Amino acid sequence: MALSMTHQIGTLAGTPIHAESGSGAGEPSTATVSAAAVWKSPAPSIRCRAQKPDALDALSPPLSPCRSPVLGGIRPDLSVACQAFAAEMEALPQAAVREHKEVAPAAGSREKGSGGVPVFVMMPLDSVTMNNTVNRRKAMNASLQALKSAGVEGIMMDVWWGLVEREPGSYNWGGYAELLEMAKKHGLKVQAVMSFHQCGGNVGDSCSIPLPKWAVEEVDKDPDLAYTDQWGRRNYEYISLGCDTLPVLKGRTPVQCYADFMRAFRDNFQHLLGETILEIQVGMGPAGELRYPSYPEQNGTWKFPGIGAFQCYDKYMLSSLKAAAEAAGKAEWGHTGPTDAGHYNNWPEDAPFFKKEGGGWNSQYGEFFLSWYSQMLLDHGERILSSAKSVFENTGTKISVKVAGIHWHYGTRSHAPELTAGYYNTRYRDGYLPIAQMLARHGAIFNFTCIEMRDHEQPQDALCAPEKLVKQVALATQKAEVPLAGENALQRYDDYAHEQILRSALLNIDGYPQEDKEMCAFTYLRMNPDLFQADNWRRFVAFVKKMKEGKNLHRCWEQVEREAEHFVHVTQPLVQEAAVALRH
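Model, not experiment: these values are computed from the prediction.

### Focus: the overall build of the chain
Here is step 1: A count of helical and extended segments in the chain gives 18 helices and 10 strands.
Here is step 2: Pairs at least 24 apart in sequence give 78% of the contacts found in the chain among residues at least 6 apart.
Here is step 3: Accessible area of the chain: about 22400 Å², with a carbon and sulfur share of 49%.

Take a look at the structure:
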């Protein structure tokens, strides 16, 4: 018997689901359903009222940091979502989705009143195996079909440096070629992430994909190629930006390696650029984000909500610091970073440098050091964006950069966790405007995380303020005239998270000039078995529909949710056999 959608999506969790039954022994069920009939809107005379939630969902939302929790070991009931797409499905009966290149035009040229935010879904981190094949191929194919049927615009996939360039200058695109063709076949657009970091060591890293072996060998020979803290601890997630322009990787500079990789990607997938591949997100640090690895979870080094630690103690960073101090006429400042900045898991008031009263961050030395440290990160972004822009120019693709949503201790004066990550953002200084301006110079999209979080859901003693942070970033991108896109930082499927995403994506933010502006895109974390669980899937389908209607949403949310619930209800008879199999 051919594998059903239930079997295929079920294998995402590592265990196939058996749903073999029918009119006779061994005969598969042949029930079908029309998506058009399922999604037929209720009569226009129906009146409904949108209800504002006034209490948290019974399932408490997870606390941050700013990546998803580990996915391993999850085994939810997939039956409804799996079988809902076993029948032939048609696209939702709504206006055709605009191309992402139309949704996210050049900075400042957004058409007024265009309406709608396209939703992309992140693929599993291990979508391509170490053997350069598509992982769980049949489950992947079924899942893409499901996403397309739900009205999703496209997918985001990590293109791992460590998988593709096993030997210097030799690229194996095997699994990616097949995965991209699969997306094209289903009519899904692609955000391709040039992932120059290792997978493993951050929250949500459910598998391990190291940097290329030949690059690791060079780091082993010269440990200063790795980011280093004041205690000599090395971080191997990403090559230190201190050696960006030095030929330390088999005769090439790190930036040259990244540029060669992007050029090879462009040449190999030229036929898909601008049509299927609409966006290139350029990795610039750990977790693909433009930041220092200041809060590494590996080996328990850092735990939320610690302030993190500065990462400027490799010899290349210290050499730059020394030169900057001499140029400023303060040679004595060039020997080391702050020695009183505490440890990874301290709080701001535990570290003299970050204290609200008399803290070094607000001194002449602090201004010098933090300006140098953050400028090094901006220069790193400039170098890689310059390469990316030259590689992908005239290909019809957009370029984007991800910035971390570091919202803990945001309510303090020093904003210590942001400072150690390289964002010079304090009560007296906007650290996100320089980043937005840098991206604007290259016509890049500012992609920001923690869009789903609300202030009151976070630990109040840590003065977390994700909503205020998102507002600051939105205002910075508006001022710099750079497109803003978003992601959720943690996996959440509850209505409260969805409503917060919608509010943020539509830029319904106090003090933000409306003018019918919206985020240019939103990427949902992440495709996995939990997403296809019945209640989660129903909420997700309604969420996608609301996002696509955007500020032009004339019908109330309750009506949209009723349609999604009707969709799941009509398809439920198809999943009874799978449900029985799951129980046994």
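Moving on from the coordinates now.
### Describing the side chain of Asp 244
Here is step 1: For Asp 244, the location among the structural elements is in the loop between strand 5 (234-239) and helix 9 (254-268).
Here is step 2: Given the relative accessible area of 2%, Asp 244 is considered buried.
Here is step 3: Within polar-contact distance, the side chain of Asp 244 engages the side chain of His 380 at 2.5 Å.
Here is step 4: Engagement of the side chain of Asp 244 in a polar contact is seen with the side chain of Arg 383, the distance being 3.0 Å.
Here is step 5: Setting aside its immediate chain neighbours within four residues, Asp 244 contacts Thr 253, Pro 254, Val 255, His 380 and Arg 383.

### So, helix 8 (residues 213-221)
Here is step 1: Those residues of helix 8 lying buried are Trp 214, Ala 215, Glu 218 and Val 219. Buried residues in helix 8, looked at end-on, bunch into an arc of 150°, giving them a common side. Of the exposed residues in helix 8, those oriented more than 90 degrees away from the buried face are Lys 213 and Asp 220.
Here is step 2: The elements touched by buried residues of helix 8 are helix 6 (161-164), strand 4 (226-228), strand 5 and helix 9.

### Considering the packing of helix 15 (residues 495-505) against helix 16 (residues 534-549)
Here is step 1: Between helix 15 and helix 16, the shortest axis-to-axis distance is 11 Å and the interhelical angle comes to 10°. As judged from the angle between their axes, helix 15 and helix 16 are roughly parallel. The element helix 15 and its partner helix 16 pack so that their crossing is right-handed. For the pair helix 15 and helix 16, contact is made by Asp 495, His 498, Ile 501, Leu 502 and Ala 505 and by Arg 539, Phe 540, Phe 543, Lys 546 and Met 547, respectively.
Here is step 2: Here the residues of the contact of helix 15 with helix 16 sort into six nonpolar, one polar and three charged.

### A look at helix 5 (residues 137-149)
Here is step 1: With 13 residues, helix 5 should reach 18 Å at 1.5 Å per residue; the first-to-last C-alpha distance of 19 Å fits that figure.
Here is step 2: Listed as buried for helix 5 are Ala 139, Met 140, Ala 142, Ser 143, Leu 144, Gln 145, Ala 146, Leu 147 and Ser 149.
Here is step 3: Just past helix 5, the residue Gly 151 takes up positive phi, approximately 95°.

### Observations concerning the sheet that holds strand 6 (residues 277-282)
Here is step 1: Strand order around the closed barrel formed by eight strands is 1-2-3-6-7-8-9-10, with parallel pairing between neighbours. Strand-to-strand, the axes of this sheet are offset by a mean angle of 30°, without reference to chain direction.
Here is step 2: The pairing of strand 2 (residues 154-160) with strand 3 (residues 189-195) spans seven bridges and is classified as parallel. In the sheet register, Gly 154 faces strand 3, and the bridge partner there is Lys 189.

### Some thoughts on the packing of helix 13 (residues 433-441) against helix 14 (residues 466-480)
Here is step 1: Closest axis-to-axis distance for the helix 13/helix 14 pair is 9 Å, and the angle between their directions is 40°. One element, helix 13, and the other, helix 14, form an angle in the oblique class. For the pair helix 13 and helix 14, the sense of crossing is right-handed. Contact residues: helix 13 offers Leu 433, Ala 436, Gln 437 and Ala 440, while helix 14 offers Ala 476, Thr 477, Lys 479 and Ala 480.
Here is step 2: Counted by class, the contact of helix 13 with helix 14 contains five nonpolar, two polar and one charged residues.

### What to know about the pairing of strand 6
Here is step 1: Taking burial as the measure, the six residues of strand 6 include six buried ones, the bulk of the element.
Here is step 2: The sheet contact formed by strand 3 and strand 6 spans five bridges and is parallel. Note on strand 6: the bridge partner recorded for Ala 192 is Ile 280.
Here is step 3: Here three bridges tie strand 6 to strand 7 (residues 398-403), and the two strands are oriented parallel to one another. Bridge pairing in strand 7 links Glu 279 to Lys 398.

### Focus on the UniProt feature "binding site: substrate" (unreviewed entry) in the chain
Here is step 1: According to UniProt, the positions carrying the feature "binding site: substrate" (unreviewed entry) are Asp 158, His 197, Asp 205, Lys 402, His 407, Thr 449, Asn 488, Ala 489 and Arg 526.
Here is step 2: Inspection of the secondary structure assignment puts Asp 158 in strand 2.
Here is step 3: Inspection of the secondary structure assignment puts Ala 489 in the loop between strand 9 (484-487) and helix 15.

### Points about the environment of Met 157
Here is step 1: Residue placement: Met 157 occurs in strand 2.
Here is step 2: Looking at Met 157, the relative accessible area reads 2%, which means it is buried.
Here is step 3: Considered as a pair, Met 157 and Met 123 are 34 residues apart in the sequence and their alpha carbons are 5.4 Å apart.
Here is step 4: What Met 157 contacts, discounting residues up to four positions off in sequence, is Met 123, Tyr 176, Leu 179, Leu 180, Val 190, Gln 191, Ala 192 and Val 193.

### Here we look at the pattern of salt bridges
Here is step 1: Tallied over the full model, the rule gives 24 salt bridges.
Here is step 2: Linking Glu 326 and Lys 322 is a salt bridge whose minimum nitrogen-to-oxygen distance equals 2.7 Å. Highlighted residues: Glu 326 and Lys 322, both in helix 10 (residues 315-327), separated by four residues, approximately one helical turn.
Here is step 3: Under the relative-accessibility criterion, Glu 326 is labelled partly exposed at 45%.
Here is step 4: One salt bridge in this structure joins Glu 487 and Lys 402, with 3.1 Å as the shortest N-O distance.

### A few points about the packing of aromatic side chains
Here is step 1: In total, this model carries 40 aromatic pairs according to the counting rule given.
Here is step 2: Taken together, a centroid distance of 6.1 Å and an interplanar angle of 75° make the contact between Tyr 171 and Phe 261 edge-to-face. Placement of the pair is Tyr 171 in the loop between helix 6 and helix 7 (174-185) and Phe 261 in helix 9, with a sequence separation of 90 residues.
Here is step 3: Looking at Tyr 171, the relative accessible area reads 23%, which means it is partly exposed.
Here is step 4: A ring pair is formed by Phe 265 and Phe 269, whose centres lie 4.9 Å apart and whose planes are at 55°; its orientation type is tilted.

Parameters and conventions
Residues numbered from 1 in each chain as written. Predicted model: local features only at pLDDT ≥ 70, side-chain atom pairs only at ≥ 80, totals over all residues. Heavy atoms only, no water. Helix = DSSP H or I, 4+ residues; strand = E, 2+ residues; numbered from the N terminus. Contact = heavy atoms within 4.5 Å. Areas by Shrake-Rupley, 256 points an atom, 1.4 Å probe, with all protein chains shown as cover. Buried < 20%, exposed > 50% of the residue type's maximum accessible area, 1.4 Å probe, protein only. Polar contact = N/O pair within 3.5 Å; in protein donor to acceptor, adjacent residues only side chain to side chain. Arc of directions from axis to C-beta. Axes fitted to C-alpha atoms, helices over the stretch in contact; angles between N-to-C directions. Parallel < 35°, antiparallel > 145°, perpendicular 65-115°, else oblique. Left-handed = near helix turned anticlockwise from the far one by under 90°. Nonpolar A, V, L, I, M, F, W, Y, C, P; charged D, E, K, R; others polar. Expected span 1.5 Å × (residues − 1). Pairing = 2+ DSSP bridges. UniProt positions renumbered as here; feature names shortened; annotations may be inferred. Salt bridge = Lys/Arg side-chain N within 4 Å of Asp/Glu carboxyl O. Phe/Tyr/Trp six-rings, centres within 6.5 Å; stacked < 30°, edge-to-face > 60°.

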